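Residues per chain, in single letters:
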Amino acid sequence: MTGRTLAVVSAGLAQPSSTRLLADQLAAAARDELAGRGATVELRTVELREHAHDVVNHLLTGFAPAALRQTLDAVAAADALIAVTPIFNASYNGLFKSFFDVIDRDTLAGKPVLIGATGGTARHSLALEHAVRPMFTYLRAATLPTAVFAAPEDWAGDDGDSALRSRIRRAAAELAEQVDRRPPATGPADPFALTTDFADLLAGRDPA
């Protein structure tokens, strides 16, 4: 069986959080879809509220504290990303944006990303297309066609046949399809790895 890793990033601020609830449901559905394709799946869930101070420190100093560095590396090493944010003032929240501002360059290039959001009204669902999706397009991620938004009414009486569950299943199937067609992720590049033969370095030869 092929081992796969999904990074799940939730930018919810409250506890309990509907944003985390949506992230967990997306992750579970994606895990089940991949398991049905013969993969073993590890979920690495990131609560951004736990890293808020470290994210700000990274923005100010340019260096990631150890706990945040581990989280950034986990996202880089994952086969795919599920990213869910609450919508404030018609856009993602500041913590969500700040986290992806400190992601290492090229980390998300070509990586399948399933985006989701929660908000106080269904009208906020448009923020997924005019704010969240463009950000991941700029980061050159392979953002999935189906984005999942959950308003308060979507949770009321939610069952296996609700519109929200249908969107979750569709997005999870798209994610599994994209992951299944790619080789397993190799993780972040080692910044100290030699890219030139050591003998060439000693001899002063240009490898090109």
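Predicted model, so just to flag it, every value in this text is computed and none were measured.

1. So, the overall build of the protein chain
For step 1, the next point in the chain: Check the secondary structure of the protein chain and you find eight helices and seven strands.
For step 2, the next point in the chain: Looking at the protein chain residue by residue over its 208 residues, the buried ones come to 45%.
For step 3, the next point in the chain: Counting only carbon and sulfur atoms, one obtains 53% of the accessible surface of the protein chain, whose full area is about 10,600 Å².

2. Notes on the pattern of salt bridges
For step 1, the next point in the chain: Scanning all chains against the criterion turns up 15 salt bridges.
For step 2, the next point in the chain: Here Asp154 makes a salt bridge to Arg167, at a shortest N to O gap of 3.7 Å. Highlighted residues: Asp154 in helix α6 (residues 152-155) and Arg167 in helix α7 (residues 163-180), separated in sequence by 13 residues.
For step 3, the next point in the chain: Here the residues in one salt-bridge network are Arg37, Glu177, Asp180 and Arg181, joined through shared partners.

3. Structural notes on the side chain of Glu174
For step 1, the next point in the chain: In this structure, Glu174 sits in helix α7.
For step 2, the next point in the chain: No salt bridge is formed by the buried Glu174; its nearest oppositely charged neighbour, Arg170, is found at 4.7 Å.
For step 3, the next point in the chain: Only 2.7 Å separates the side chain of Glu174 from the side chain of Thr146, close enough to count as a polar contact.
For step 4, the next point in the chain: Not counting chain neighbours up to four residues away, the residues in contact with Glu174 comprise Leu144, Pro145 and Thr146.

4. Description of the nonpolar core
For step 1, the next point in the chain: In this structure, Val9, Leu81, Phe96, Phe99, Phe100 and Phe136 are the most contacted members of the largest nonpolar core, which totals 32 residues.
For step 2, the next point in the chain: Mapped by element, the contributors of at least two residues to this core are β1 (2-10), α3 (66-77), β3 (80-88), α4 (94-101), β5 (112-118) and α5 (127-138).
For step 3, the next point in the chain: Element by element, the count of residues in this core is highest for α5, at five residues.
For step 4, the next point in the chain: Beyond its immediate stretch of four places on either side in the chain, Val9 contacts Val46, Leu48, Val75, Leu81, Ile82, Ala83, Val84, Phe99 and Phe100.
For step 5, the next point in the chain: By size, the runner-up hydrophobic cluster in this structure holds 24 residues, among which are Ala23, Ile82, Leu144 and Ala176.

5. Considerations on the environment of Leu34
For step 1, the next point in the chain: Along the chain, Leu34 turns up in helix α1 (residues 18-36).
For step 2, the next point in the chain: Separated by 138 residues in sequence, Leu34 and Ala172 have C-alpha atoms that sit 8.8 Å apart.
For step 3, the next point in the chain: Every residue in contact with Leu34, bar those within four places of it in the chain, is listed here: Leu6, Ala39, Val41, Ala176 and Val179.

6. Quick look at the packing of aromatic side chains
For step 1, the next point in the chain: For the structure shown, the criterion picks out five aromatic pairs.
For step 2, the next point in the chain: Taking 6.2 Å as the distance between ring centres and 75° as the angle between the ring planes, the aromatic pair formed by Phe96 and Phe136 counts as edge-to-face. One end of the pair, Phe96, is in helix α4; the other, Phe136, is in helix α5, and 40 residues separate them in sequence. An identical accessibility class is assigned to Phe96 and Phe136; each is buried.
For step 3, the next point in the chain: Three or more aromatic residues joined by ring pairs make a cluster, and in this case those are Tyr92, Phe96, Phe99, Phe100 and Phe136.

7. A closer look at the side chain of Ser162
For step 1, the next point in the chain: Tracing the sequence through the fold places Ser162 in the loop between α6 and α7.
For step 2, the next point in the chain: Only 3.1 Å separates the side chain of Ser162 from the backbone nitrogen of Arg165, close enough to count as a polar contact.

8. Here we look at α1
For step 1, the next point in the chain: Between its terminal C-alpha atoms α1 stretches 27 Å, which fits the 27 Å expected from 19 residues at 1.5 Å a residue.
For step 2, the next point in the chain: Within α1 the residues assigned to the buried category are Thr19, Leu22, Ala23, Gln25, Leu26, Ala27, Ala29, Ala30 and Leu34.
For step 3, the next point in the chain: The backbone nitrogen of Thr19 lies 3.1 Å from a side-chain oxygen of the residue at the head of α1, namely Ser17.
For step 4, the next point in the chain: One or two residues past the end of α1 sits Gly38, with phi positive at roughly 90°.

Calculation criteria
- Residues numbered from 1 in each chain as written.
- Predicted model: local features only at pLDDT ≥ 70, side-chain atom pairs only at ≥ 80, totals over all residues.
- Heavy atoms only, no water.
- Helix = DSSP H or I, 4+ residues; strand = E, 2+ residues; numbered from the N terminus.
- Buried < 20%, exposed > 50% of the residue type's maximum accessible area, 1.4 Å probe, protein only.
- Areas by Shrake-Rupley, 256 points an atom, 1.4 Å probe, with all protein chains shown as cover.
- Salt bridge = Lys/Arg side-chain N within 4 Å of Asp/Glu carboxyl O.
- Lys, Arg positive; Asp, Glu negative; His and termini not counted.
- Polar contact = N/O pair within 3.5 Å; in protein donor to acceptor, adjacent residues only side chain to side chain.
- Contact = heavy atoms within 4.5 Å.
- Core = buried A, V, L, I, M, F, W, Y, C linked by side-chain atoms within 4.5 Å.
- Phe/Tyr/Trp six-rings, centres within 6.5 Å; stacked < 30°, edge-to-face > 60°.
- Expected span 1.5 Å × (residues − 1).

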